[in-house]
Amino acid sequence: MRNFETSNIRNISLLGHRGSGKTTLVESILYISKTLDKKGTVEDGTTVSDFDKEETRRLFSINTSIIPVEYGDCKYNFLDTPGYFDFSGEVYSALRVSGSAVIVMDATSGVEVGTEKAWRLLEERHLPRIIYINKMDKGYINYEKLLLELKEKFGKKIAPFCVPIGEKDEFKGFVNVVEMKGRIFNGVECEDGAIPDRMDVSEVRNLLLEAVAETDEELMEKYFNGEEFTLEEIKRGLHNGVVSGDVVPVIVGSAIQGIGIHTLFKMIHDYMPTPTEMFNGERVGINPVTEETEARKISVDEPFSAIVFKTLVDPFIGKISLFKVNSGRLRKDTEVLNPNKNKKERIAQIIYLRGNKQEEAQELIAGDIGATTKLQYTQTGDTLCDKDKPIMYRSIELPEPCLYSSVEPAQKADDEKLSICLQRMMEEDPTFVINRNYETKQLLIGGQGEKHLYVILCKIKNKFGVHAVLTDPVVSYRETIKGTVSVQGKHKKQSGGAGQYGDVQIKFEPCEEEFKFVDEVKGGVVPRTYMPAVEKGLLEAKEKGILAGYPVINFKATIFDGSYHPVDSNEISFKQAAILAFKKGMEQARPVLLEPIMKLEVVVPEAYMGDVMGDMNKRRGRILGMEPNQYGEQVLSVEVPQAEILKYALDLRAMTQGRGQFKFEFVRYEEVPEVIAKKIIESRKQQ
């Protein structure tokens, strides 16, 4: 691969709803740029970017693929991201290193949820974008209606750069209203052609010129004076507007036929920012030594720094770390610093990835994207930098897991191997988490949805040969008491020789603290030396309540009397006496079952509020309040039992057509209603 200057590199993420044609667009880009001799198809599993076994089997993208393309005097690093919401972490990682994006939109479906979500992510990050309306050759397309829908959803930033020629099967190209020339598909590729006589593109052209005028005061004055803009002025004005985010170009085409690809390349080259144009031409981080803010210019003359945005785990090669160079240059066989771990790493080799194909490189310069293998300590989100000039960039903000399931190996012998494999998957996908619940003895995995978790298990099977199954997680209930009671616990055992004797009288009562032990014994009837044994007995006994065997919390145990034997008493005797007192006390102190209560923050569009609130009431939720956010959505605060929301991620997605999202945290335990408590206790006894 040729070496390119930083100013001739573009990093572009492809975003959009699932099925909008992002992967097919990549194939056309590779074919038109003559990188490929033949286009692959998603249906045949022959595309460059969908190379994972699960992607070819399921016919959709799961991972972000890096597709470097040389075209003209530029290098374009396309990042093909998944459209399914379950793999949104891949999109977040890609946008961390992108300078711009192309939102791919299905002309037959209009503005879908994935389009809206992509737009919001780009708005939040202030990234320039182009909208590529794909599948213009599929059925009847009302282009004016599509533009109107885009303007209604996204406002006056929308600027059509093209007007389609023909409809349905007769779609054969478009008019480029910037350069005022036709682009006609000849069966192989688009070529310049005359604008059809019957077509009037003046209205769209005027809208575009108005957008150009608003980017510059001189151009605005010229526009009002009725003077014509030169092509150079139009391009300069549009470039400034696109880079600042005030103008979002809309172009049309057909990825499967290769219509609009040349125009897309030209627009990315002309209007999208170079690496040095974004973020004032610098990246801000923290000096890990002084802990002060520090900026690095995106230039080869600065000390080396990079951010790792993705990790691939290969059972044969090992770990592949993908990174973008923010400053300086990196040569192979160089020692660098990972300030996040405060460890040095050796860059043995530098590679360019195109899908799963690798190409060796000697060096990588500021603004470019590459990969290296076998880094020992580095994980996704870490910084790599010059060891003498350290800097640490902020890590990648990723969505938190919203669905948890228990996972078990199909073969018991694979238990340890499964844990190791899941750890490897967590390195590859930071939005996937694992933790072991020692109380329920379950290994829990969390992710963005059911599909996400199933794909993880399929990857483990494909890569490491370990088969695992998902089961529902068990809720960690608790028990407590509502009454106050004083009981005696007496342990007496005689079996020849020294016996065992312990006698305690303990008062049990409700308490705000999880557990409190108080010694109120007077006159030495129970020697102080046995008090730790009494407390130890209570701590052991409280791990298994009498209702359903769940841990007991929120109670106070006060020992106020007892007796001992000068010969037969020992620590074991008093520990057993405390356990007996606990069991007796729990039975008499009106024990109740407690359930974990979670605080949810649910974000939904106004249109779905009624359905979401009604659903929450059915789940025994308490609505604490709601308020609008900056996007006109409602943020609903709710407290709800954990048992009612184990699959809430799936239900909310179905209720809101994928537009709703939520996060949750544990707040406290509350008493379970009697009817439900009886069912829980009964099912527990049957286990």
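Residues numbered from 1 in each chain as written. Predicted model: local features only at pLDDT ≥ 70, side-chain atom pairs only at ≥ 80, totals over all residues. Heavy atoms only, no water.

Visitor: How should a negative patch on the surface be read in this particular structure?
Guide: Side chains of E217, E218, E221 and E227 sit close together on the surface and give a patch of like negative charge. Locating E221 in the fold gives a position in helix α7 (residues 217-224). (Patch = residues over 30% accessible without salt bridge, like charges linked within 9 Å, V, L, I, M, F, W, Y side chains within 5 Å. Areas by Shrake-Rupley, 256 points an atom, 1.4 Å probe, with all protein chains shown as cover. Salt bridge = Lys/Arg side-chain N within 4 Å of Asp/Glu carboxyl O. Lys, Arg positive; Asp, Glu negative; His and termini not counted. Charge placed at Lys NZ, Arg CZ, Asp CG, Glu CD. Helix = DSSP H or I, 4+ residues; strand = E, 2+ residues; numbered from the N terminus.)

Visitor: Can you walk me through helix α9 (residues 261-271) in this structure?
Guide: Because an α-helix packs 3.6 residues into every turn, residues spaced three or four apart end up facing the same way. The buried count for α9 comes to 8 of 11 residues, which makes it a mostly enclosed element. All of the buried residues in α9 are I261, H262, T263, L264, F265, M267, I268 and Y271. (Buried < 20%, exposed > 50% of the residue type's maximum accessible area, 1.4 Å probe, protein only.)

Visitor: Looking at this structure, how should I read the pairing of strand β10 (residues 190-193)?
Guide: Regular strands show a simple pattern: their side chains alternate between the two faces of the sheet. Bridge analysis of strand β9 (residues 181-185) against β10 gives 4 bridges, and the strand direction is antiparallel. Bridge pairing in β10 links G182 to G193. (Pairing = 2+ DSSP bridges.)

Visitor: What should I look at first to understand the environment of Y530 in this one?
Guide: Position of Y530 relative to the elements: it lies in the loop between β31 (515-519) and α12 (531-541). As for Y530 and N570, which are separated by 40 residues in sequence, their C-alpha atoms are 7.4 Å apart. Those residues in contact with Y530 that sit more than four places away from it in its chain are S569, N570, E571 and F574. (Contact = heavy atoms within 4.5 Å.)

Visitor: Would you explain unusual backbone geometry in this entry?
Guide: Of all residues except glycine, most have a negative phi; of all peptide bonds, most are trans. Of note in this structure, K441 is not a glycine but carries a positive phi near 60 degrees. With respect to the helices and strands, K441 occurs in the loop between β25 (433-437) and β26 (442-447). Classification of K441 as exposed rests on a relative accessible area of 70%. Although it is not a glycine, R590 adopts a positive phi angle of roughly 50 degrees. With respect to the element layout, R590 can be found in the loop between α13 (571-588) and β33 (591-605).

Visitor: What should I look at first to understand the sheet that holds β26 in this one?
Guide: Strands in a sheet are paired, the pairing made by backbone hydrogen bonds, and the direction either parallel or antiparallel. Read across the sheet, 4 strands follow the order β25-β26-β24-β27 without closing on themselves; strand pairing throughout is antiparallel. Each edge of the open sheet is held by one strand with a lone partner, namely β25 and β27 (468-471). Looking at each pair of strands side by side, their axes are set apart by 35 degrees on average, direction ignored. Pairing analysis gives 4 bridges linking strand β24 (residues 403-409) to β27, with the strands arranged antiparallel. Along β27, the bridge assignment pairs E408 with V469. (Axes fitted to C-alpha atoms, helices over the stretch in contact; angles between N-to-C directions.)

Visitor: How should I be thinking about the pattern of salt bridges in this particular structure?
Guide: Side chains that carry opposite charge are capable of pairing whenever their charged atoms lie near each other. The full count for this structure, using the stated rule, is 48 salt bridges. Here E124 makes a salt bridge to R125, at a shortest N to O gap of 3.6 Å. Note that E427 and K319 form a salt bridge whose closest N and O atoms lie 3.8 Å from each other. Placement of the pair is E427 in helix α10 (residues 415-428) and K319 in strand β15 (residues 318-327), with a sequence separation of 108 residues. Counted as one network, the salt bridges with shared partners bring together E179, K181, R183, D192, K235, K266 and D270.

Visitor: What is the right way to look at the packing of helix α8 (residues 231-244) against α9 in this model?
Guide: The axes of two packed helices give the description: the angle between them and the distance between them. As a packed pair, α8 and α9 sit with axes 9 Å apart at the nearest point and diverge in direction by 80 degrees. Here α8 is positioned roughly perpendicular relative to α9, judged by the angle of their axes. Seen from α8, the contacting residues are K235, L238, H239, V242 and V243; seen from α9, they are K266, D270 and Y271. (Parallel < 35°, antiparallel > 145°, perpendicular 65-115°, else oblique.)

Visitor: Explanation requested: the side chain of N338 in the structure shown.
Guide: Note on placement: N338 falls in strand β17 (residues 334-338). At 3.0 Å, the side chain of N338 and the backbone nitrogen of N340 are in polar contact. A polar side-chain atom of N338 sits 3.2 Å from the main-chain amide nitrogen of K341. With near-sequence residues (within four places) excluded, N338 lies in contact with K343, E345, Y377, T378, D382, T383 and L384. (Polar contact = N/O pair within 3.5 Å; in protein donor to acceptor, adjacent residues only side chain to side chain.)

Visitor: Help me understand α13, please; the structure alone is not making it clear to me.
Guide: Taking 1.5 Å as the rise per residue, α13 with 18 residues should run 26 Å; its terminal C-alpha atoms sit 26 Å apart, in good agreement. Taken together, the buried positions of α13 are S573, F574, K575, A577, A578, I579, A581, F582, G585 and M586. Among the structural elements, β28 (478-481), β29 (485-493), β30 (500-510), α12, β32 (555-563) and β33 are those in contact with the buried residues of α13. For α13, the side-chain oxygen to backbone nitrogen distance between the N-cap and I572 is 3.4 Å, and the N-cap itself is N570. Positive phi shows up at R590, right after α13, with a value of about 50 degrees. (Expected span 1.5 Å × (residues − 1).)

Visitor: Quick question: what am I supposed to make of the sheet that holds β31 here?
Guide: Read across the open sheet, the 4 strands follow the order β29-β30-β32-β31; overall the sheet is mixed. Either end of the sheet is taken by a strand with one partner, and the two such strands are β29 and β31. Across the sheet, the axes of successive neighbouring strands diverge by a mean angle of 25 degrees, strand direction being ignored. Bridge count for β29 against β30 is 9 bridges, and the pairing is antiparallel. By the bridge assignment for β30, G489 is matched with V504. Against the sheet, α12 engages β30, β31 and β32, with an angle of about 155 degrees to β31. Here α13 sits on the sheet in contact with β29, β30 and β32, set at roughly 35 degrees to β30.

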